[in-house]
Amino acid sequence: MLIARNLTKTYLSGGRPLTVLKEVSLEVDAGGFLAIVGPSGCGKTTLLGLLAGLDVPSGGSVLLGGQDLSLLSEDGRARLRGEQVGFVFQTFQLIPTLTAQENVQVPLELAPRRRVAQGDGGSTSLRTRKAESYRDIAERARQLLARVGLEGREHHYPAQLSGGEQQRVAVARAFANRPSVLFADEPTGNLDAETGARIIELLVGLNRESGATIVLATHDGELAAKAKSTLRLRDGAVIREPGRA
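**Student:** Tell me about the side chain of R81, and please be specific about residues and values.
**Tutor:** Looking at the element boundaries, R81 is found in helix α2 (residues 74-84). For R81, the contacting residues outside a window of four places in its chain are A52, G53, L54, F87 and N177.

What follows is the structure, given as structure tokens:
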């Protein structure tokens, strides 16, 4: 499902090259759960960005769902993310002017719609199909919010939700388009221990139920212990090779 070979990332800093990631390799099978751990500044977020195609490496390669990201244009990588990837961020990244349900619906509404052959209804058939798709989107968003424990909170705005509730909305949004791979960057970093534990159990449960591959960056030892495999970084380099996740 996800293979990285000798990933390296170098930036120019003060006119000099600064290598923040050094020949990192990993492999995660479909349905796997990999935790990338290490101290702040060790390259965890940089690695996630490269694996998800949000950035391009200075060296090495990434295969996501069998596709070599280096062979795709920026638009191609964006299309692949829209079809196969979900994200959970430390700072939630909810749209403040949208309700919880509307936030969950965003990736579904942005996803490319499949063309459906029309029946005898002609143009009226197309209109019905569109209306049905919007109803389906709203229903899936409600089901996901119920799954993360937010039934009855669908029409609340982010400012009306606690940090833990906002992160649960973010998790529901990440799973909305049934991703093959979920990337999570410090998903419990802004939460207290009790709320963080709930998010951990939620991610583990959804990994088991959906079969989605999960790759997360964390300094949370309890969360890392739930993963099937662990990759440890220090100063941009792997200090212990993972098995397959």
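**Student:** Summarise the packing of helix α5 (residues 163-174) against helix α6 (residues 193-210); cite the residues concerned and give the values.
**Tutor:** At their nearest, the axes of α5 and α6 sit 10 Å apart, and the two run at 15° to each other. Regarding the angle of α5 to α6, the classification is roughly parallel. Crossing angle aside, the handedness with which α5 passes α6 is right-handed. Side by side, α5 and α6 meet where G164, Q167, R168 and V171 of the first sit next to T195, I199, L202, L203 and L206 of the second. Classifying every residue of the contact of α5 with α6 gives five nonpolar, three polar and one charged.

**Student:** Could you give an account of the nonpolar core, with specific residues and numbers?
**Tutor:** Proteins that are soluble and globular tend to have nonpolar side chains buried together. The biggest cluster of nonpolar side chains holds 38 residues, and the ones touching the most others in it are V104, L145, V169, V171, F175, L182 and L216. Only β3 (33-37), α3 (100-110), α4 (123-147), α5, β7 (181-185), α6, β8 (213-218) and α7 (221-226) provide two or more residues apiece to this core. In terms of residues, this core owes the most to one element, α6, which gives six residues. Membership of the second largest hydrophobic core comes to 27 residues, among which are A52, L64, V181 and V215.

**Student:** Requested: an account of the sheet that holds strand β2 (residues 16-28), with residues and values cited.
**Tutor:** Ordered by their spatial adjacency, four strands build an open sheet running β2-β1-β4-β5, and the pairing between neighbours is antiparallel. Looking at which strands have only one partner, the edges of the open sheet turn out to be β2 and β5 (67-68). Sheet analysis places strand β1 (residues 2-13) next to β2, joined by nine bridges and oriented antiparallel. Its bridge partner being in β2, A4 is matched across the sheet by L26. Relative to the sheet, helix α1 (residues 44-51) contacts β1, β2 and β4 (59-64), its axis offset from that of β1 by approximately 120°.

What counts, and at which threshold
- Starting afresh in each chain, residues are numbered from 1 along the sequence in its written order.
- The predicted origin of the model limits local features to residues at a pLDDT of at least 70 and limits the giving and counting of side-chain atom pairs to 80 or more, whereas totals for whole chains, interfaces and linings rest on all residues.
- With hydrogens and water stripped out, all remaining heavy atoms of the structure feed into the side-chain values.
- Counting from the N terminus, the helices are the DSSP runs of H or I reaching at least four residues and the strands are the DSSP runs of E reaching at least two.
- The contact rule is simple, with two residues in contact once any of their heavy atoms fall within 4.5 Å.
- All axes here are fitted lines through C-alpha atoms, helices being fitted over the stretch that makes contact, and every angle between N-to-C directions spans 0 to 180 degrees.
- Working rule for angles: under 35 degrees goes down as roughly parallel, over 145 as roughly antiparallel, 65 to 115 as roughly perpendicular, anything else as oblique.
- For any pair of crossing helices, the crossing counts as left-handed if the nearer helix is rotated counterclockwise from the farther one by less than a right angle, and right-handed if it is rotated clockwise.
- When residues are grouped by polarity, Ala, Val, Leu, Ile, Met, Phe, Trp, Tyr, Cys and Pro land in nonpolar, Asp, Glu, Lys and Arg in charged, and all others, Gly among them, in polar.
- As used here, the term nonpolar core means buried Ala, Val, Leu, Ile, Met, Phe, Trp, Tyr and Cys residues forming a set that is joined through side-chain atoms within 4.5 Å.
- Exposure categories follow from relative accessible area, calculated using a 1.4 Å probe and restricted to protein chains: below 20% of the type maximum is buried, above 50% is exposed, and the middle band is partly exposed.
- Strand pairing is defined by DSSP finding a minimum of two bridges between the two strands.

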